[in-house]
Amino acid sequence: MKRTPIVLSGLVAIIVIGVMGFFLRPVCVPLSQDNLSSFSVPLKQRLEARDLYVKVWQEKKGQWYKCQTYLSRLMF
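Okay, so let's go over this structure. Per chain, the residues get numbers from 1 upward, laid out in the order the sequence is written. For a predicted model such as this one, the threshold for reporting local features is a pLDDT of at least 70, and the threshold for listing and counting side-chain atom pairs is 80 or more; totals across whole chains, interfaces and linings nevertheless cover every residue. Hydrogen atoms and water are omitted, and side-chain values are computed over all heavy atoms in the structure.

## Describing the pairing of strand E4 (residues 57–60)
A pair of strands is treated as paired once DSSP finds two or more bridges between them. The numbering of helices and of strands both runs from the N terminus, where a helix is a DSSP run of H or I of at least 4 residues and a strand a run of E of at least 2. Alignment of E4 against strand E5 (residues 63–69), held across four bridges, turns out to be antiparallel. In the sheet register, Lys60 faces E5, and the bridge partner there is Gln63. Remark: two residues form the turn of the hairpin made by E4 and E5, two consecutive strands paired antiparallel; Lys61 in that turn has positive phi of roughly 55°.

Written as structure tokens, this is what we have:
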């Protein structure tokens, strides 16, 4: 019995999962006060926006962040 097809399919699965994990990881960018004041709708009203599984607008320790997946940041 040859194990080559099983090993090959396992390696392909590991590579696919690794690539998906790389592109779907969250990336958060801090927003400056200029950015915050330029929004026509306040961020507190936009809190339900999501990018796949990540909340787009997040506040951590008084600082606002725009979070997206790495893939979304590449596209938009």
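## A few points about unusual backbone geometry
The phi dihedral of Lys61 is positive, around 55°, even though this residue is not glycine. Looking at where Lys61 falls in the secondary structure, it is placed in the loop between E4 and E5.

## Brief notes about the side chain of Gln68
Assignment of secondary structure puts Gln68 in strand E5. Between buried and exposed lies partly exposed: a residue is buried under 20% and exposed over 50% of the maximum accessible area for its type, with that area taken using a 1.4 Å probe on protein chains only. Here Gln68 falls in the buried class, since its relative accessible area comes to 11%. Polar contacts involving the side chain of Gln68 include one to the side chain of Arg73, which spans 3.1 Å. Any two residues whose heavy atoms approach within 4.5 Å are treated as being in contact. Discounting residues that sit within four places of it in the chain, Gln68 has contacts with Arg25, Pro26, Val27, Asp51 and Arg73. Between N or O atoms, a polar contact is any pair within 3.5 Å; within protein, one atom must be a potential hydrogen donor and the other a potential acceptor, and residues adjacent in sequence are included only when both atoms are from side chains.

## So, the sheet that holds E5
The antiparallel open sheet is built from three strands, whose spatial order is E1-E5-E4. Sheet topology places strand E1 (26–30) and E4 at the edges, where each strand pairs with a single neighbour. Strand after strand, the sheet turns through a mean of 35° between neighbouring axes, direction not considered. Relative to E5, E1 is paired through five bridges, and the arrangement is antiparallel. The residue of E5 that forms the bridge with Pro30 is Tyr65. To obtain each axis, a line is fitted to C-alpha atoms, and for helices this fit is confined to the stretch in contact; angles are then taken between N-to-C directions over 0 to 180 degrees.

## Here's the deal with the environment of Ser72
Tracing the backbone through its elements, the reader meets Ser72 in helix H3 (residues 70–75). Sequence separation between Ser72 and Pro30 is 42 residues, and the spatial gap between their C-alpha atoms is 16 Å.

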